[in-house]
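Here is what each chain is made of, one letter per residue.
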Amino acid sequence: MTRSALLTGATGGIGQALARQLHAGGFRIFITGRDETRLRGLCDELHCPGLAIDLAAVDAPTRLYAAARDALGPIDILINNAGFNKAKTPLVDVTAEDIDASYALNLRAPMLLAREALRDMGARRSGHIVNIISSVVHFRAENFSVYTTMKNALHAFNGCLIKEARLVGVKVTGVYPGGVDTAFRAQPRPDYLHPESAAAMILNCITAPDDAIVHEITFRPMVESNF
Ligand SMILES: NC(=O)c1ccc[n+]([C@@H]2O[C@H](COP(=O)([O-])OP(=O)(O)OC[C@H]3O[C@@H](n4cnc5c(N)ncnc54)[C@H](OP(=O)(O)O)[C@@H]3O)[C@@H](O)[C@H]2O)c1
């Protein structure tokens with residue numbers, strides 16, 4: 001039986017590349033993003049179901065998981081990939097709304113999706129939850145406090161989830177990419193990783209041998225030395 005996967009952030013750089021690689025690898029996928037046009041185009045290209053949804057809404061993760069489960073049946077893999085950083089902002093200019101928006105998408109949404117997945121997968125004692133975090137947890141930088149804080153919290157959550165999910169036979173992987181050349185930042189960075197390369201690293205974690213769990217993986221472009 002081919003494995004099924006729910007992938008968030010599929011309309012973005014890493015997510016789109018990963019959706020294509022999962023499809024090519026024979027996975028049955030359900031994809032999501034906010035941009036309806038881009039999502040529909042990718043659904044048509046990959047002949048897969050999807051749902052355009054804003055994951056910052058409090059009930060969206062639960063609704064998304066239910067829609068994916070209706071479409072795919074039991075979900076084998078959840079990939080929490082959607083995330084954003086507004087722009088590098090000095091703390092003196094950060095608003096409460098900035099903090100809430102980052103919290104809702106970068107932390108609450110993956111936590112709630114993981115909860116839904118753990119309920120579903122844990123009952124079957126099989127499955128895999130992949131959280132796309134960031135190598136930002138390994139360093140500190142000016143004007144990066146909101147995103148860094150939320151990704152560090154997601155890193156802490158991932159560690160707790162590894163322990164809890166293990167008890168019910170579910171694998172958990174935290175992925176810590178360095179810079180990837182996507183629309184994540186306003187300026188192109190051709191010296192950063194190609195999104196296809198980041199996607200290939202994530203796929204490696206998903207296709208590891210059955211008896212192996214990749215708990216954490218960090219990868220970077222050669223130009224980075226922030227470690
Ligand atoms: N690029 C990097 O250098 C880098 C490095 C480390 C970690 N990461 C992480 O990797 C993940 C993917 O990043 P990327 O580089 O592929 O960024 P991207 O190209 O900007 O894509 C971001 C994805 O997240 C989705 N998204 C944003 N806000 C959303 C919301 N409120 N509700 C639902 N979906 C939303 C976007 O959907 P729409 O476009 O349809 O709104 C898009 O599909 C993120 O978690 C990011 O933090 C990126």
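Scroll up for the structure.
Read on for a plain summary of the structure.

About the criteria used
Throughout this description, residue numbers start from 1 for each chain and increase along the sequence as written. In keeping with the predicted nature of the model, local features appear solely for residues at pLDDT of at least 70, side-chain atom pairs appear and are counted solely at 80 or more, and the whole-chain, interface and lining totals rest on all residues. To get the side-chain values, take all heavy atoms of the structure and skip hydrogens and water. Here a residue counts as near a molecule or strand whenever at least one of its heavy atoms sits within 4 Å of it. Identification of polar contacts relies on pairs of N or O atoms within 3.5 Å, with a donor-acceptor requirement for protein atoms, meaning one able to donate a hydrogen and the other able to accept it, and with residues adjacent in sequence counted only if both atoms are side-chain atoms. All accessible areas in this document rest on Shrake-Rupley with a 1.4 Å probe, and a residue is counted as covered only by the protein chains that are shown. Elements are defined by DSSP. Helices are runs of H or I of four residues or more, strands are runs of E of two residues or more, and each kind is numbered from the N terminus. The span you would expect from a helix comes to 1.5 Å times its residue count less one. Throughout, exposure labels follow a simple rule: accessible area from a 1.4 Å probe, protein chains only, divided by the maximum for the residue type, with under 20% read as buried, over 50% as exposed, and the rest as partly exposed. Here, two residues are considered to be in contact whenever any of their heavy atoms come within 4.5 Å of each other. Between N-to-C directions, angles span 0 to 180 degrees; the directions come from axes that are lines fitted to C-alpha atoms, helices contributing only their stretch in contact. For this classification, under 35 degrees means roughly parallel, over 145 means roughly antiparallel, 65 to 115 means roughly perpendicular, and everything else is oblique. For a crossing to be left-handed, the near helix must be turned anticlockwise from the far one by less than a right angle; the clockwise case is right-handed. Here the rule is simple: two strands pair whenever DSSP picks up at least two bridges between them. Joining through side-chain atoms within 4.5 Å is the link that ties buried Ala, Val, Leu, Ile, Met, Phe, Trp, Tyr and Cys residues into a set, and such a set is a nonpolar core. Any pair of Phe, Tyr and Trp rings, taking the six-membered ring for Trp, is counted once the centres come within 6.5 Å. Such a pair is stacked with planes under 30 degrees apart, edge-to-face with planes over 60 apart, and tilted for the rest. Lysine and arginine charges are scored as sitting over a ring when NZ or CZ, respectively, is within 6 Å of the ring centre and within 35 degrees of the ring normal. In the scheme used here, Gly and all other residues not listed as nonpolar or charged are polar, with Ala, Val, Leu, Ile, Met, Phe, Trp, Tyr, Cys and Pro taken as nonpolar and Asp, Glu, Lys and Arg as charged.

### Thoughts on the site of the ligand
Stage number 1. Contacts to the ligand come from 30 residues, most closely from Thr11, Asp35, Asp54, Tyr147 and Thr182.
Stage number 2. One nitrogen or oxygen atom from the main chain of Asp35 is found 2.7 Å from an oxygen atom belonging to the ligand.
Stage number 3. Within the backbone of Leu55, an N or O atom sits 2.8 Å from a nitrogen atom of the ligand.
Stage number 4. For the ligand, whose unbound accessible area comes to 890 Å², protein coverage reaches 92%.

### Concerning helix H5 (residues 145-166)
Stage number 1. Its 22 residues place the ends of H5 32 Å apart at the C-alpha level, agreeing with the 32 Å of an ideal helix rising 1.5 Å per residue.
Stage number 2. Every buried residue belonging to H5 is among Val146, Tyr147, Thr148, Met150, Lys151, Asn152, Leu154, Phe157, Asn158, Leu161, Ile162 and Ala165, and all of these are buried.
Stage number 3. Where H5 is buried, its residues contact helix H4 (96-124), strand S5 (128-132) and strand S6 (171-177).

### Remarks on the packing of helix H1 (residues 13-24) against helix H6 (residues 195-206)
Stage number 1. Contact geometry of H1 with H6 gives a least axis separation of 8 Å together with a crossing angle of 55°. Here H1 lies oblique to H6, going by the angle between them. In terms of crossing hand, the pair formed by H1 and H6 is right-handed. On H6, the residues touching Gly13, Ile14, Ala17, Leu18, Gln21 and Leu22 of H1 are Pro195, Glu196, Ala198, Ala199, Ala200, Ile202, Leu203 and Ile206.

### Re the sheet that holds strand S7 (residues 216-219)
Stage number 1. If you trace the seven strands from one edge of the open sheet to the other, you get S3-S2-S1-S4-S5-S6-S7, paired in parallel fashion. The open sheet is flanked by strand S3 (50-52) and S7, the only strands paired with a single partner. Here the strands of the sheet are splayed against their neighbours by 10° on average, with no regard to which way each runs.
Stage number 2. Note that S5 and S6 share five bridges and pair parallel.

### Side note on the nonpolar core
One broad rule of soluble globular proteins: the nonpolar side chains tend to lie buried together.
Stage number 1. Leu6, Leu55, Met121 and Ile129 are the most contacted members of the largest nonpolar core, which has 35 residues in total.
Stage number 2. Breaking this core down by element, the ones donating at least two residues are helix H3 (60-72), H4, H5 and S6.
Stage number 3. Among the elements that make up this core, the one with the highest residue count is H4 (eight residues).
Stage number 4. With residues near it in sequence (within four places) discarded, Ile129 still touches Leu78, Asn80, Ala114, Ala117, Leu118, Met121, Leu161, Val170, Lys171, Val172 and Thr173.
Stage number 5. One finds Ala19, Val130, Val180 and Cys205 within the second-largest nonpolar core, a separate group that totals 31 residues.

### Quick notes on unusual backbone geometry
Stage number 1. In the Ramachandran plot, Arg125 falls in the positive-phi region, its phi being about 50° despite a non-glycine side chain.
Stage number 2. Note that Arg125 resides in the loop between H4 and S5.
Stage number 3. Not every positive phi belongs to a glycine, and Asn143 is a case in point at roughly 65°.
Stage number 4. Along the polypeptide, Asn143 turns up in the loop between S5 and H5.

### Section: the side chain of His128
Stage number 1. Mapped onto the secondary structure, His128 falls in strand S5.
Stage number 2. Within the structure, His128 has its side chain in polar contact with the side chain of Thr173 (distance 2.8 Å).
Stage number 3. Those residues within four positions of His128 in sequence are excluded, and the remaining contacts are Asp76, Ile77, Leu78, Met121, Val170, Lys171, Val172, Thr173, Cys205 and Ile206.

### A look at the packing of aromatic side chains
Stage number 1. All chains considered together, the criterion is met by two aromatic pairs.
Stage number 2. An aromatic cluster of three or more residues is present, and its members are Phe144, Tyr147 and Phe184.
Stage number 3. The ring of Phe144 carries the charged tip of Lys88 above its face, separated from the ring centre by 4.8 Å.
Stage number 4. The ring of Tyr192 has Arg189 lying over it, and the distance from NZ or CZ to the ring centre is 4.1 Å.

### Thoughts on the packing of H3 against H4
Stage number 1. Where H3 meets H4, the axes come as close as 8 Å, and the angle between the chain directions of the two elements is 40°. Viewed along their axes, H3 and H4 adopt a mutual orientation that is oblique. The element H3 and its partner H4 pack so that their crossing is right-handed. Residues Pro61, Thr62, Leu64, Tyr65 and Arg69 of H3 touch H4, and the partners they reach there are Ala109, Leu112, Leu113, Arg115, Glu116, Ala117, Asp120, Met121 and Arg124.
Stage number 2. Each residue belonging to the contact of H3 with H4 can be placed in one class, and the counts come to eight nonpolar, one polar and five charged.

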